[in-house]
Amino acid sequence: MYYFPIVEAKGAVSLKYMAVLVAVLAAGFFFINYHKTVVPMEKVTIDAMTAEEKKSIEVGAGETIKYFKKYNQAPKNQVTIVTMNDKQVYEDLLVSRYKLNRDTAELVSAGRGFYTGDTIFINTKAAANDLLRIATTAHEFTHYFQNQMAPGIAGLAWLQEGMADTAACDILEQAGQAQIQPLPVKQLKLPAELSLANLKTDEDWIDAVNEYGANTVYAYSALAARRLISQKGFLCCINFYQELNRTHNIETSFKTAFGMELSEYQEKFSEYMKNDKDSIYYYNYYR
Ligand SMILES: [Zn+2]
């Protein structure tokens with residue numbers, strides 16, 4: 001199961017990543033100790049290149065742990081957060097170590113972040129300021145929790161990504177890092193043919209991102225997830241993953257967690273997007 005990135009950017013130079021391992025271990029050790037009294041960061045190793053990057057990633061990870069603690073979730077395994085700033089090195093690593101195919105690796109390495117198994121990658125070319133690094137860390141760390149609750153089980157793509165974005169916005173606010181601004185959805189110029197029913201699997205997701213662009217697909221999914229969460233509460237998302245782990249069935253898990261059929265929500269959301277276009281706002285983060 002893959003988790004897909006947020007937005008595109010072009011990579012460039014620097015091969016420091018492998019070479020700084022020793023320095024990085026020391027830095028990770030420092031941060032683990034430094035944060036002991038603030039947040040339970042002992043499960044997190046941060047491998048970052050600059051002090052600025054480290055600081056924002058540490059805020060993102062710490063605040064995400066704090067956020068999920070409210071829902072009785074804590075990281076069980078060691079999570080490593082690595083920054084990448086060379087697109088080619090990143091892409092090659094995704095192919096060689098994580099066995100992504102070349103096309104997927106190309107797509108992923110252009111995004112702000114990626115989560116797989118025990119590692120979160122932050123692309124510091126795309127997540128180029130502390131706000132974006134915090135948001136990306138929160139988004140990818142949410143995928144870590146999703147996977148911890150339902151390891152290796154294919155989820156519901158729009159909910160997976162939309163939940164991660166909703167959590168990232170909440171976490172930014174919790175951290176006092178940014179104001180989340182509502183913007184008119186008209187601005188997004190969403191294609192009329194977009195529908196949640198076509199954003200269920202990882203394959204659907206890749207197809208949609210290739211067809212409509214990452215921004216559009218993420219924004220649409222975030223709108224759908226945020227609306228669902230505002231009606232039913234974030235805890236229902238936690239319940240969904242726990243049910244998914246138990247049943248391996250997306251439809252029944254959705255029904256148990258949210259108290260309605262998946263198809264019903266998907267249809268209602270389509271209607272809402274069609275009829276209330278002028279009054280819908282989406283959330284984004286700005287300084
Ligand atoms: Zn994601």
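Because the structure is predicted, anything quoted here is derived from the model rather than measured. (Residues numbered from 1 in each chain as written. Predicted model: local features only at pLDDT ≥ 70, side-chain atom pairs only at ≥ 80, totals over all residues. Heavy atoms only, no water.)

**Q** Quick rundown of the side chain of Arg133? Include the residues and the values.
**A** Secondary-structure assignment places Arg133 in helix α6 (residues 130–149). Within the buried core, Arg133 has no salt-bridge partner, and the shortest N-O distance to an opposite charge, that of Glu52, equals 4.2 Å. In this structure Arg133 touches Glu52, Glu53, Ser56, Ile122, Thr124, Ala127 and Ala128, once residues within four positions along its chain are discounted. (Helix = DSSP H or I, 4+ residues; strand = E, 2+ residues; numbered from the N terminus. Buried < 20%, exposed > 50% of the residue type's maximum accessible area, 1.4 Å probe, protein only. Lys, Arg positive; Asp, Glu negative; His and termini not counted. Salt bridge = Lys/Arg side-chain N within 4 Å of Asp/Glu carboxyl O. Contact = heavy atoms within 4.5 Å.)

**Q** Could you give an account of the packing of α6 against helix α7 (residues 157–174), with specific residues and numbers?
**A** Packing of α6 against α7 leaves a shortest axis separation of 8 Å and a crossing angle of 130 degrees. Taken together, α6 and α7 sit at an angle that is classed as oblique. Every pair of crossing elements has a handedness; the one defined by α6 and α7 is right-handed. In contact with Leu131, Ile134, Ala135, Ala138, His139, Thr142, His143 and Gln146 of α6, α7 contributes Leu159, Gln160, Glu161, Met163, Ala164, Asp165, Ala167, Ala168, Ile171 and Leu172. (Axes fitted to C-alpha atoms, helices over the stretch in contact; angles between N-to-C directions. Parallel < 35°, antiparallel > 145°, perpendicular 65-115°, else oblique. Left-handed = near helix turned anticlockwise from the far one by under 90°.)

**Q** How would you sum up the pattern of salt bridges? Please name residues and give values.
**A** Two side chains bearing opposite charge may form a pair once their charged atoms approach each other closely. According to the stated counting rule, one finds eight salt bridges in the structure shown. The partner of Glu243 in a salt bridge is Arg246, and the shortest N-O contact between them spans 2.9 Å. On the criterion of helical spacing, the pair formed by Glu243 and Arg246 is a turn pair, its members being three residues apart in helix α10 (residues 235–247). In this structure Glu243 comes out as buried when scored by relative accessible area, which is 15%. Of the residues examined, Arg246 reaches a relative accessible area of 61% and is grouped as exposed. The residue Lys268 makes a salt bridge to Glu264 at a minimum N-O spacing of 3.0 Å. Taken together, the positions of Lys268 and Glu264, both in helix α12 (residues 262–275) and four residues apart, correspond to about one turn of that helix. Look at Lys268 and you get exposed, because its relative accessible area is 52%. On the basis of relative accessibility, which here comes to 31%, the residue Glu264 falls in the partly exposed class.

**Q** Help me get a handle on the environment of Gln266, residues and values and all.
**A** Residue placement: Gln266 occurs in helix α12. The spatial distance from the C-alpha of Gln266 to the C-alpha of Ser195 is 7.7 Å, given a sequence separation of 71 residues. If near-sequence neighbours (up to four positions away) are discounted, Gln266 is found in contact with Leu156, Trp158, Leu196, Ala197 and Lys200.

**Q** Can you explain the nonpolar core? Please cite residues and give values.
**A** Phe141, Trp158, Phe240 and Phe254 are the most contacted members of the largest nonpolar core, which totals 69 residues. Here this core gets nine residues from one element, more than from any other, and that element is helix α9 (residues 214–232). Every residue in contact with Trp158, bar those within four places of it in the chain, is listed here: Leu196, Leu199, Trp205, Ser221, Ala224, Ala225, Leu228, Phe254, Leu262, Tyr265 and Gln266. Leu93, Leu94, Ala105 and Phe121 belong to the second largest nonpolar core, which has 11 residues in total. (Core = buried A, V, L, I, M, F, W, Y, C linked by side-chain atoms within 4.5 Å.)

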